[in-house]
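Notes for the structure review
Here is what each chain is made of, one letter per residue.
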Amino acid sequence: VEEDYVVFCGDDDYFLPRSLDSCVDFLETNHDFSSAHGFGTFMRYDENRGASTISGRYNIFEYQGNSGSERIKMLMKNYSVLYFSVQRKEIFMKAFKNIELLTNPMFVELMPVGLSAILGKSKKLNELYLIRGINESRCLQPKLVEQFLDPEWSRSFNIYINTLSEELGEVDGLCENDAKEIVKQ
C-alpha cells in the first residue's frame, strides 16, 4: 500500500467516500490520533420481500485515553470493531502483527482491534460513514463454550495476550508482567 491511510472493508460493506475524506482530513490535522470513523447502519436483505431495508445503527466507539493502557481498558468495557476506522497505514500494519500465527478465528478480530486501541487514539465523527450488510450467516457465530473447547483456542489466546502485552509495554513503557495484567483484565 502506497497511500498514507488504510481502512478494512468486508465484501458486504460500503463506505461513503465523503466520510472517508472527512476522516483523512481529521487525521491530517490531528496527529495525536491514529484513526477516525463515523457511525454506521445495517442493511438487511429480506429474501421474502425481495428488498433491502435499513435495520439499525452500527456503532464504532472512540477511544481517546492518553495511554495504551487507558484505551485497551475502554475497548474491553465498550467493544467495537475499530479496524473499520480509517487508520494511519503504519498503525494498521502494526495492528496485524502476528495475525498469521492465530488459528482460532475469534482472535483474528480481537487482536488487531486491541492493538489498534493500544497504538493510538480514535475519533468518532458525527456523520454517516459505513453501511454494513447483514446476512443470515453473520448471526451464526460459534458459541463461546465451543470456542473454549477448540484445541487451538489456548494457543491463540496466548499469542493474543503476548502480542498485546508486548505492544502495550512499548507504548506505555511498562514491564512485561504489568502489561500482561492490564491486557488480562
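Residues numbered from 1 in each chain as written. Predicted model: local features only at pLDDT ≥ 70, side-chain atom pairs only at ≥ 80, totals over all residues. Heavy atoms only, no water.

Counting its regular elements, the protein contains 7 helices and 6 strands. Along the protein, helices (α) and strands (β) appear in the sequence β-β-α-β-β-α-β-α-α-β-α-α-α when read from the amino end. At 17 Å, the protein has a C-alpha radius of gyration in line with the 16 Å of a compact globule built from 185 residues. With respect to the three principal axes, the spread of C-alpha positions in the protein is 55 × 45 × 30 Å. Scored against the burial criterion, the 185 residues of the protein give a buried share of 43%. (Helix = DSSP H or I, 4+ residues; strand = E, 2+ residues; numbered from the N terminus. Rg over C-alpha atoms; globule rule 2.2 N^0.38 Å. Buried < 20%, exposed > 50% of the residue type's maximum accessible area, 1.4 Å probe, protein only.)

A few words on the packing of helix α4 (residues 105-119) against helix α6 (residues 153-172). Running from N to C, α4 and α6 point in directions that differ by 10°, and their axes come no closer than 10 Å. The angle between the axes of α4 and α6 places the two elements in the roughly parallel class. Of the residues in α6, those in contact with M106, F107, L110, M111, G114, L115, I118 and L119 of α4 are W153, S156, F157, I159, Y160, T163, L164, E167, L168 and V171. Looking at the contact of α4 with α6 residue by residue, the classes come out as 14 nonpolar, 3 polar and 1 charged. (Axes fitted to C-alpha atoms, helices over the stretch in contact; angles between N-to-C directions. Parallel < 35°, antiparallel > 145°, perpendicular 65-115°, else oblique. Contact = heavy atoms within 4.5 Å. Nonpolar A, V, L, I, M, F, W, Y, C, P; charged D, E, K, R; others polar.)

Right, let's get into the side chain of T41. Looking at the secondary structure, you find T41 in strand β3 (residues 33-46). Judged by its relative accessible area of 12%, T41 is buried. Only 2.7 Å separates the side chain of T41 from the backbone oxygen of G56, close enough to count as a polar contact. The contacts of T41, once residues within four sequence positions are left out, are I54, G56, R57, Y58, L128, L130, I131 and R132. (Polar contact = N/O pair within 3.5 Å; in protein donor to acceptor, adjacent residues only side chain to side chain.)

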